[in-house]
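An overview of the molecular structure
Spelled out, the chains give:
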Amino acid sequence: MQLDFLKDPRYSVRNVSDAIMKVPNEYSMLSQLGLFPEQGIRTTYVEIEMKEGFLNLIPTSQRGSPAPEKKRSNRSTRVLKTYFMQQNDTIRPSDLQNLPAFGQLGSEQFMEQFDDVLSERFVELQRGYRQTHEYMRWGALRGDVLDADGTALYNCYTEMGESQTSIDFKFATTSSDTIMAASKEARRFMEQNLLGETMGRQLYLCSAEFFDKVVTHPVHSKIYENNPVGKPNPLLEDLGVTYFQHGTATYIEHNGQASYLNADGTTATRRFIPANECIIVPLGTQQVFRSYFSPGEMLEAVNMPGQSMYVSLKELDHGGGIEIHTESAPLFLVQKPRLVLRGYSSN
């Protein structure tokens, strides 16, 4: 049977790519928290202009006198490539067996059933991409963005020419509220290093071990017992996470992890947040976090703004089935990594 129905516009690259992106995202915690907004670019690289803003008070002057020239920000440029990934799947004749043949009575029913099979494959394929994207976003928060085999692709601190600051919570010190002291240190450090950025709250993404130490600290636990979640936060409650708000700080427990294959074929697991640590990030920023996506390796996508996933369909030789080809070309970047801090305890 000739699969002429693939020429239908609804199976074009644009339409099937739109369809796979409409599948609900099960791996979107960081995105829902307002981190790593997506931006499509027309190139296979990102050119980042490093510009740090200055807040200068304008002095008074005499009417009619020359106006002072506005001081411009310092600029430098960095160029980073996006990373290409792809995966294929195939709908075999056996997957469509016993459906009405195309061209016979009931062909519309056949296409509807074919669409059902295609939708099932889309769910599986997009899940792999979105899990990989989330894994890479967490890597960017920690510094190293890793490939599927655990090798480092790039380090955000190295690429942006900055270093990470660590905040010591000193959990074993019970005579004072060391958690509040550490929170103040983190907030003040961020405020002093915004350099033209904006910031609202500070978010503490905690490992289970770290979160438990926060809420059971002899001094700090009294606050948690009397006010376990602070003011209700619909966003966090919708995410189904365990959280605690105090002042401008929000503590979230997160136990995400991903498995990958080593070069020798063994399986390793990497936690998104290391045990007994937390990742401290600023919320309400403008340019700190970005998810860049380049165009796919398809003629229809050349020089067009990129998107998170692309799909194309192709009939295999000898009627062997329909190949589903998928692609993604992302770059997940913390553009001002100095504002992402590491929380730990030295005692």
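Our structure is the block above this text.
Below you will find a few notes about this structure.

Conventions we followed
Once a new chain begins, its residue numbering starts again from 1 and follows that chain's sequence as written. pLDDT decides what is reported in this predicted model: residues at 70 or higher carry local features, side-chain atom pairs at 80 or more are listed and counted, and totals for whole chains, interfaces and linings draw on all residues regardless. Side-chain measures here rest on the full set of heavy atoms in the structure, leaving out hydrogens and waters. In this text, helices come from DSSP runs of H or I with a minimum length of four residues, and strands from runs of E with a minimum of two, each type numbered from the N-terminal end. Each residue is placed in one exposure class: buried if its accessible area under a 1.4 Å probe, protein chains only, is under 20% of its type's maximum, exposed if it is over 50%, and partly exposed if it falls in between. Residue contacts are defined here by distance: any two heavy atoms, one from each residue, within 4.5 Å place the two residues in contact. Areas reported here follow the Shrake-Rupley algorithm with a probe of radius 1.4 Å; residue values treat only the protein chains shown as occluding. Each salt bridge in this description consists of a side-chain nitrogen of Lys or Arg and a carboxyl oxygen of Asp or Glu lying within 4 Å of one another. We place a 1 Å grid over just the protein atoms. Points where a 1.4 Å probe fits but has no way out form a cavity, open points with protein on both sides within 12 Å along at least 5 of 7 lines form a pocket, and any residue with an atom within 4 Å of a point lines it. Grid points are joined across faces, edges and corners, and a volume is the space filled by probe spheres set on the points. Like-charged residues are merged into a patch within 9 Å and nonpolar side chains (Val, Leu, Ile, Met, Phe, Trp, Tyr) within 5 Å, provided each residue has over 30% relative accessible area and no salt bridge. All tallies of charge rest on Lys and Arg as positive and Asp and Glu as negative; His and the ends of each chain are not included. Charge placement uses NZ in Lys and CZ in Arg. For Asp and Glu, CG and CD serve respectively. For two strands to pair, DSSP has to find at least two bridges joining them.

Attention shifts here to the overall build of the chain. Scanning the chain for helices and strands turns up 9 helices and 18 strands. Within the chain, the fraction of its 347 residues that count as buried is 43%. Restricting the contact set of the chain to residue pairs at least 6 apart, pairs at least 24 apart contribute 75%. A total of about 18500 Å² of accessible surface is found on the chain, and carbon and sulfur atoms cover 48% of it.

Once that is clear, we can look at the pattern of salt bridges. On inspection of all chains with the given rule, the structure shows 10 salt bridges. Ionic pairing is found between Arg187 and Glu191, a salt bridge with its closest N-O pair at 3.4 Å. Placement of the pair is Arg187 and Glu191 together in helix H6 (residues 178-192), with a separation of 4 residues, close to one helical turn. With relative accessibility at 23%, the residue Arg187 sits in the partly exposed group. Lys336 is the partner of Glu197 in a salt bridge, and the nearest nitrogen-oxygen pair spans 3.8 Å.

Considering only enclosed or pocket space, the largest pocket measures out at about 440 Å³ in volume. As for the largest pocket, its lining consists of 19 residues, of which Met85, Gly128, Thr132, Asp147 and Ala148 are closest to the centre. Counting only elements with at least two residues in the lining of the largest pocket, the list comes to strand E4 (85-91), helix H4 (107-142) and strand E11 (257-261). Among the elements that make up the lining of the largest pocket, the one with the highest residue count is H4 (6 residues).

A cluster of acidic side chains, namely Glu108, Glu112, Asp116, Glu120 and Glu124, defines a negative patch on the protein surface. Mapped onto the elements, Glu108 comes out in helix H4.

For the rest of this paragraph, the subject is the pairing of strand E16 (residues 322-328). With 6 of 7 residues buried, E16 is to be regarded as a mostly interior element. Note that E4 and E16 share 7 bridges and pair antiparallel. Paired with Thr90 across the two strands is Glu323, which belongs to E16. The pairing of strand E15 (residues 310-315) with E16 spans 6 bridges and is classified as antiparallel. Within E16, the residue paired with Val311 across the bridge is Thr326. Once E15 ends, the chain turns through 6 residues before running back antiparallel as E16, passing His318 with a positive phi of about 60°.

This part covers unusual backbone geometry. A positive phi is found at Leu195, a non-glycine position, where the angle reads about 50°. Assignment of secondary structure puts Leu195 in the loop between H6 and strand E8 (202-206). Judged by its relative accessible area of 39%, Leu195 falls in the partly exposed class. Even without being glycine, Asn276 reaches a positive phi, approximately 65°. Its place among the elements puts Asn276 in the loop between strand E12 (267-271) and strand E13 (278-282). Residue Asn276 is classed as partly exposed on the basis of its relative accessible area, which comes to 34%.

Any link to function would need more than the numbers given here.
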